[in-house]
Amino acid sequence: MIIAVVSQKGGTGKTTIVTNLAACYAAQGQEVMLVDADPQHSALDWKADRPPTLPPVHALHLPEQNLFQEVQHLRQKYARILIDGGGRVTATARAAVAAADFLILPTLPSKFDLFSTEDFIQTVLQEVQTYKPVVAGGIVLNQLQAGTAIGKAASEHLATLDYPVFATHLHLYVAYREAAATGQSVLEYDRHSKAAAEFAAFFAELLEVTPHA
């Protein structure tokens, strides 16, 4: 299965989500390939820092012009392919959407980010749907601060969009940054943390909506 994490804007936490997912799938004993299609190569940096004692995650960088074709070849070897699709509406983001079986669209709770996510759905997803009828996926609200009115307003706005939304929200916990700096997931870094608990819930929800893939 190919899962792409993409967004309209940079800074939405795509790399944090995709690297944590890669580690979660690897912990299940699956062969995981992490495809870094972001020019910043942050996912490759995470992979370079990953301790060799942890479940292995394979990783490589693919430029936009090779992304779609190469990912199809990788599908023959790896049970899970995760694409860090880069921020903003670019050819890379379009190629990632076209290649994926399932999309994760992270968004921050600000009004501008919510509108950008809505624009991404109305432009890129609808464009890809002209030649790929089914573009399954879900929006995840990311980097929330607990107890804020903006988070509640963001949840209400997402509910009005014509696209699935994950019930699990991810918060702005320092454990995510600390884990990323050591090449780990938050569950590996501190399994008793709030970040680990919520990401485990998000991963469980993802498994439920992709049960046969």
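Conventions adopted
Residues numbered from 1 in each chain as written. Predicted model: local features only at pLDDT ≥ 70, side-chain atom pairs only at ≥ 80, totals over all residues. Heavy atoms only, no water. Phe/Tyr/Trp six-rings, centres within 6.5 Å; stacked < 30°, edge-to-face > 60°. Helix = DSSP H or I, 4+ residues; strand = E, 2+ residues; numbered from the N terminus. Pairing = 2+ DSSP bridges. Axes fitted to C-alpha atoms, helices over the stretch in contact; angles between N-to-C directions. Contact = heavy atoms within 4.5 Å. Buried < 20%, exposed > 50% of the residue type's maximum accessible area, 1.4 Å probe, protein only.

Time to look at the packing of aromatic side chains. Taken as a whole, this structure holds 5 aromatic pairs when the rule is applied. Ring geometry for Tyr25 against Phe203: centres 4.9 Å apart, planes inclined by 80°, an arrangement best described as edge-to-face. Of this pair, Tyr25 sits in helix α1 (residues 14–27) while Phe203 sits in helix α9 (residues 194–209); the two residues are 178 residues apart in sequence, bridging distant segments of the chain.

Ordered in space as β3-β2-β4-β1-β5-β6, the 6 strands form an open sheet in which the pairing is parallel. Edge positions in the open sheet fall to β3 (58–61) and β6 (137–141), since each of these has one partner strand only. Across the sheet, the mean angle separating the axes of adjacent strands is 20° when strand polarity is ignored. In this structure, strand β2 (residues 32–36) lies alongside β3, joined through 4 bridges in parallel fashion. Its bridge partner being in β3, Leu34 is matched across the sheet by Ala59. Against the sheet, helix α5 (residues 111–128) touches β5 (102–107) and β6, its axis set at about 155° to β5. Lying over the sheet, α9 contacts β1 (2–5), β5 and β6, oriented at roughly 145° with respect to β5.

Before going further, it helps to examine helix α4 (residues 91–99). Burial analysis of α4 places 7 of its 9 residues in the buried class, which makes it a mostly covered element. The secondary structure elements touched by the buried residues of α4 are β1, α3 (64–74), β4 (80–84), β5 and α5.

What follows concerns the environment of Ser110. Tracing the backbone through its elements, the reader meets Ser110 in the loop between β5 and α5. Using a relative accessible area of 21% as the deciding quantity, one classes Ser110 as partly exposed. Put simply, Ser110 and Leu144 are 34 residues apart on the chain and 9.7 Å apart in space, counted from C-alpha to C-alpha.

Taken by themselves, the reported measurements are silent on function.
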